[in-house]
Amino acid sequence: MPAKKRLVVKIGSSLLANPDLLTPRWAFIQRLLEDITKLRNDGYEVVLCSSGAVALGLNMLGEKPETAGLRDKQAAAACGMPLLLNAYKQVAHEFGFDIAQVLVTLQDMEERKRFLNTKNTVHRLLQGDILPIVNENDSITTEEIRVGDNDRLAAKVAQMIQADHLVILTCIDGLYDRNPEEEGAQLVEEVSDVSEYIAVTDGTSSLGSGGMLTKMQAANMAQNAGCTTLIANGEHEAPVSSVLYGERKHTKCIAHTKPASAWAAWLTDRLQVAGSLVIRDDVAKKIAKDIDHIRHEDIKSIQGPYVKGDVIHIYDEHGEEIARGMTNFSSEETMVLARHPEIPPKDLLGYQTGGTVISRENLIILEDRHLLWDSPKEDTFVEVSDS
């Protein structure tokens, strides 16, 4: 029996909640789950990444989206999630299948052990023919410890389950070569290099941009894992299958023909910076040609805080990001080691260690296909030496 194809579908809040009444859009949910039923019958395993909980919960608190603060949104998420899941549950029951809720946090995606535990849960649900509905746990997250957008979260889920396609449904037809409200704006039907379009997606708060920056970032993450991303307007009778089967206009971001391994994709495609290192230029040039360990004596400055096991970003002295890797030490331990290269690491830290900050097997050199992160502000780095 051939393996089932896997599909991740991301739905935005504007499709799920009436913008004026802040109530569930039952007609859309009906169309969506009817379409997912069709896809399941066509042999697809589907995972849904759904927004909407905060919007649906604001009514219960007497708040509006434009005036709600962080505490309001946290509480609204707690109120709205049962409403959202109840809507999905009722409609799914009509079509004869079950749903399950998978609430995640930033740490569940960024920490390797928790990532694998989440992956195991989603796989088991798919084996049981249950539709997983994934959402960030907005009731406990703050601005500092949240994913922040369900586009990139959906891309991480697509990486997690090695999906064939990621479908992002939004309020416009796809990516345009400029603001779609401008005269002469053209829909970009196919994208190979996402980086070429980052400049025209700037300004995620603009309705005209359609929040396209995070969608392009998500598409790049999916591409690296061998997953094709399709971006389209969600207002359609068959919102997902009509895009997947090429029956209406959309933007297709083509998967790389040589995808990264699951380990490399998880290591390089981050949702948030845990910390950063600046290494000497001669070391940066060396590891770019022949990947090697990064040792404590290679480090010029450190930006933290971070802990052992975090994935940190590696920059050269000119501020260009060259690699990402999993650290063997906390930022405090790294600083102690880097400031005293003449002292054996065991004497500095009190336990046996060779002083390798990032081992070569936990280090990935970034390629042209990766979207690079700007170096953090200079005043956030701590220099190893003041001399």
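In this report, we go over the structure that sits alongside the text.

Criteria and cut-off values
- Per-chain numbering applies: the sequence of each chain, read as written, is numbered from 1 onward.
- Given that the model is predicted, a residue must reach a pLDDT of at least 70 before its local features are reported, and side-chain atom pairs must reach 80 or more before they are shown or counted; all residues, however, enter totals for whole chains, interfaces and linings.
- Only heavy atoms go into the side-chain values, all of them from the structure, while hydrogens and water stay out.
- Two aromatic rings, drawn from Phe, Tyr or Trp (for Trp, its six-membered ring), form a pair once their centres lie within 6.5 Å of each other, and the interplanar angle then sorts them: stacked below 30 degrees, edge-to-face above 60, tilted otherwise.
- Secondary structure is summarised from DSSP: a helix means a run of H or I of at least four residues, a strand means a run of E of at least two, and numbering begins at the N terminus for each.
- Note on exposure labels: buried denotes an accessible area under 20% of the residue type's maximum, exposed denotes more than 50%, and partly exposed covers the range between, all computed with a 1.4 Å probe on protein chains only.
- Charge-over-ring contacts are defined here by two conditions on Lys NZ or Arg CZ: a distance within 6 Å of the ring centre and an angle within 35 degrees of the ring normal.
- Each cavity reported here is a set of points on a 1 Å grid over the protein atoms alone in which a 1.4 Å probe fits but cannot get out, each pocket an open set with protein on both sides within 12 Å along at least five of seven lines, and each lining residue one with an atom within 4 Å of a point.
- Grid points are joined across faces, edges and corners, and a volume is the space filled by probe spheres set on the points.
- Here the term charged refers only to Asp, Glu, Lys and Arg, the term nonpolar to Ala, Val, Leu, Ile, Met, Phe, Trp, Tyr, Cys and Pro, and the term polar to all other amino acids, Gly among them.

**Some details on the packing of aromatic side chains**
At step 1: Tallying each qualifying case throughout the model produces 2 aromatic pairs.
At step 2: Note on Phe115 and Trp266: the rings are 6.3 Å apart at their centroids and 50° apart in plane angle, and the pair reads as tilted. You can see Phe115 sitting in helix α6 (residues 112–127) and its partner Trp266 sitting in helix α10 (residues 262–268), a full 151 residues away along the chain. Taken as a pair, Phe115 and Trp266 share a single burial class, namely buried.
At step 3: Sitting above the plane of the Phe97 ring, Arg40 keeps its charged end 4.5 Å from the centroid.

**Focus on unusual backbone geometry**
At step 1: Cis rather than trans, the peptide bond between Gly304 and Pro305 has omega equal to 0°.
At step 2: Mapped onto the fold, Pro305 is located in the loop between β11 (299–303) and β12 (311–315).
At step 3: Even without a glycine there, the phi angle at Asp129 is positive, about 60°.
At step 4: One can find Asp129 in the loop between α6 and β4 (131–136).
At step 5: Positive phi values are uncommon outside glycine, yet Gln162 reaches one of about 55°.
At step 6: Relative to the helices and strands, Gln162 resides in the loop between α7 (150–161) and β5 (165–170).
At step 7: Overall, Gln162 belongs to the exposed group, its relative accessible area being 54%.

**A look at empty space enclosed by the protein**
At step 1: Under the criterion given, the structure shown has 1 cavity of 30 Å³ or more.
At step 2: There is about 70 Å³ of room inside the largest cavity.
At step 3: The wall of the largest cavity is formed by Arg112, Phe115, Leu116, Lys119, Gln159, Met160, Gln162, Ala262 and Trp266.
At step 4: Sorting the residues of the lining of the largest cavity by element identifies α6, α7 and α10 as the ones contributing at least two each.
At step 5: Residue composition of the lining of the largest cavity, grouped by class: 5 nonpolar, 2 polar and 2 charged.

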